[in-house]
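Secondary and tertiary structure notes
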Amino acid sequence: MKEELIQRKNDHLDIVLDPLRATNKATTGLERWRFEHCALPELDLDSVNLETMLFGKTLKAPVLISSMTGGAQRAQHINQHLAQAAQTLGLAMGVGSQRVALEAQNDFGLTGELRRVAPDIPLLANLGAAQIAGPGGVAYARRAVEMIEADALIIHLNPLQEALQNGGDRDWRGVLAAIRQTVDALGVPVVVKEVGAGLSLPVAKQLVDVGVAMLDVAGAGGTSWAAVEGERAATPRQRAIAMAFADWGIPTAQALRDLHDALPDTPLIASGGITNGIEAAKALRLGAHLVGQAAAVLGSANTSAQAVIDHFEVLIEQLRVTCFCTGSADLVALRAAPLIAVSRDA
């Protein structure tokens, strides 16, 4: 079973790293919005302040290096590169699922070494909802946090992926109660995220009601895990079932707007197809506290820490210029910048 899980993680990396495989038919919805340009910003570009706070720690930019991979041998150097870049740039980092590391004899680099590489950043542990709802879920959660000295725990919801995955977890009864139990028992905040199909408002309200501290909308428009599982399918039948869902989900912009409008006091992370700093700025304007990126930086993370730094420096400078050209001296001002819908169904 452990070997199957490790192979699954390797398959996922291979597919996501290949631009010709598992292409996503959905869009984020962010393309339906444009900022109003300010020709007289009356600002010093280099003085634009992108700092924000997360779990009591200062971030130099509102960016989370989102959960990417865990449980494959090459995940060790990927996570090292991500942690080094996060520390250098002052960004938050979430690790990939720790399930395999907790169940296997090999920890795949998900240890306190990550904290030693990145002592100053918010570091987020990660487990799937199926593991939280299983026997000993709270103990699993505690171990996941302790093994990397995390500031918070991400619980990821991936019912579509599990439904399409050969050997996936098909029984999702009791997940909300397990999340509540974890929130009550754990000594750090709990974040809940989807993995690319979006969080609806009814689900978000349920999660807030049980004490979840932060939500990651992780909407459609980024990696389609249905398409990834379609690429992994062992039979034409399994592939046909999976690929029908390649464009399934709530677009990132829609999920973000719905949740922010109804739950304005709940901090949100916008992930799912954020490709550059302009889109990051749009997401922040639509209600996100942070923006997350995963697949877009995976190729860089597979190369070196410097490649990851270079990637995020571009995104951060794009975000800074967007602030400048909207007359926004900081993130508070950006969240009030004029944003124009450019299609009727935005």
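Looking at an unreviewed UniProt entry, one finds the protein chain named Isopentenyl-diphosphate delta-isomerase and attributed to Franconibacter pulveris. As its UniProt record puts it under Catalytic activity (unreviewed entry), the protein chain is described as follows: "isopentenyl diphosphate = dimethylallyl diphosphate". Turning to the protein chain, the UniProt annotation filed under Subcellular location (unreviewed entry) states: "Cytoplasm".

Looking now at the overall build of the protein chain. Looking only at helices and strands, the protein chain has 16 helices and twelve strands in total. Classification of the 346 residues of the protein chain by burial places 54% in the buried group. Look at the contacts in the protein chain between residues 6 or more apart in sequence, and 77% of them connect residues 24 or more apart. When the accessible surface of the protein chain is summed, it comes to about 14500 Å², and 50% of that surface belongs to carbon and sulfur atoms.

Following the UniProt record, one finds the feature "binding site: FMN" (unreviewed entry) at Ser 66, Ser 67, Met 68, Thr 69, Ser 97, Asn 126, Lys 193, Thr 223, Ala 294 and Ala 295. From the set just named, the residues that line the largest cavity comprise Thr 223. For Lys 193, the position within the fold is in strand 8 (residues 190-194). Assessed through its relative accessible area of 9%, Lys 193 is described here as buried. When neighbours within four sequence positions are excluded, Lys 193 is seen to be in contact with Ile 154, Ile 155, His 156, Leu 157, Asp 216 and Ala 218. Within the element layout of this structure, Ala 294 appears in the loop between strand 11 (290-293) and helix 14 (295-301). Contacts of Ala 294, omitting those with residues within four sequence positions, involve Ser 66, Ser 67 and Met 68.

Turning our eyes to something else, we now look at the UniProt feature "binding site: Mg(2+)" (unreviewed entry) in the protein chain. Annotation from UniProt places "binding site: Mg(2+)" (unreviewed entry) at Glu 162. With respect to the helices and strands, Glu 162 occurs in helix 7 (residues 159-164). Here Glu 162 falls in the buried class, since its relative accessible area comes to 8%. Residues contacting Glu 162, with those up to four places away along its chain left out, are Gly 168, Asp 169 and Trp 172.

Strand-to-strand pairing in sheets goes through backbone hydrogen bonds, with the strands running parallel or antiparallel. In space, the eight strands of this closed barrel follow the order 4-5-6-7-8-9-10-11, with parallel pairing throughout. Mean inter-strand twist for the sheet, computed between neighbouring axes without regard to direction, equals 25°. Strand direction decides the pairing type here: strand 10 (residues 268-270) and strand 11, joined by two bridges, are parallel. Within the sheet, the bridge partner assigned to Ala 270 lies in strand 11 and is Val 291.

Roughly 320 Å³ of internal volume is contained in the second largest pocket. As for the second largest pocket, its lining consists of 17 residues, of which Leu 157, Pro 159, Glu 194, Leu 199 and Val 203 are closest to the centre. Looking at the lining of the second largest pocket, its residues break down into 13 nonpolar, three polar and one charged.

On to empty space enclosed by the protein. Under the defined criterion, the tally for this structure stands at one cavity of 30 Å³ or more. Empty space within the largest cavity amounts to approximately 130 Å³. Looking at the lining of the largest cavity residue by residue, the classes come out as ten nonpolar, seven polar and one charged.

With that settled, consider the pairing of strand 11. Of the two faces of strand 11, the one lined by Leu 290 and Gly 292 and the one lined by Val 291 and Gln 293 are each fully buried. Taken together, the three bridges between strand 4 (residues 63-65) and strand 11 define a ladder with parallel strand orientation. Following the sheet pairing, Leu 64 is matched in strand 11 by Gly 292. Between the parallel elements strand 10 and strand 11, the chain passes through helix 13 (residues 277-285) in a crossover that is right-handed.

What counts, and where the lines are drawn
Residues numbered from 1 in each chain as written. Predicted model: local features only at pLDDT ≥ 70, side-chain atom pairs only at ≥ 80, totals over all residues. Heavy atoms only, no water. UniProt positions renumbered as here; feature names shortened; annotations may be inferred. Helix = DSSP H or I, 4+ residues; strand = E, 2+ residues; numbered from the N terminus. Buried < 20%, exposed > 50% of the residue type's maximum accessible area, 1.4 Å probe, protein only. Contact = heavy atoms within 4.5 Å. Areas by Shrake-Rupley, 256 points an atom, 1.4 Å probe, with all protein chains shown as cover. 1 Å grid on protein atoms, 1.4 Å probe; cavity = no way out; pocket = protein on both sides within 12 Å on 5 of 7 lines; lining within 4 Å. Pairing = 2+ DSSP bridges. Axes fitted to C-alpha atoms, helices over the stretch in contact; angles between N-to-C directions. Points joined across faces, edges and corners; volume = space filled by probe spheres on them. Nonpolar A, V, L, I, M, F, W, Y, C, P; charged D, E, K, R; others polar. Right-handed = clockwise from strand over helix to strand, strands pointing away.

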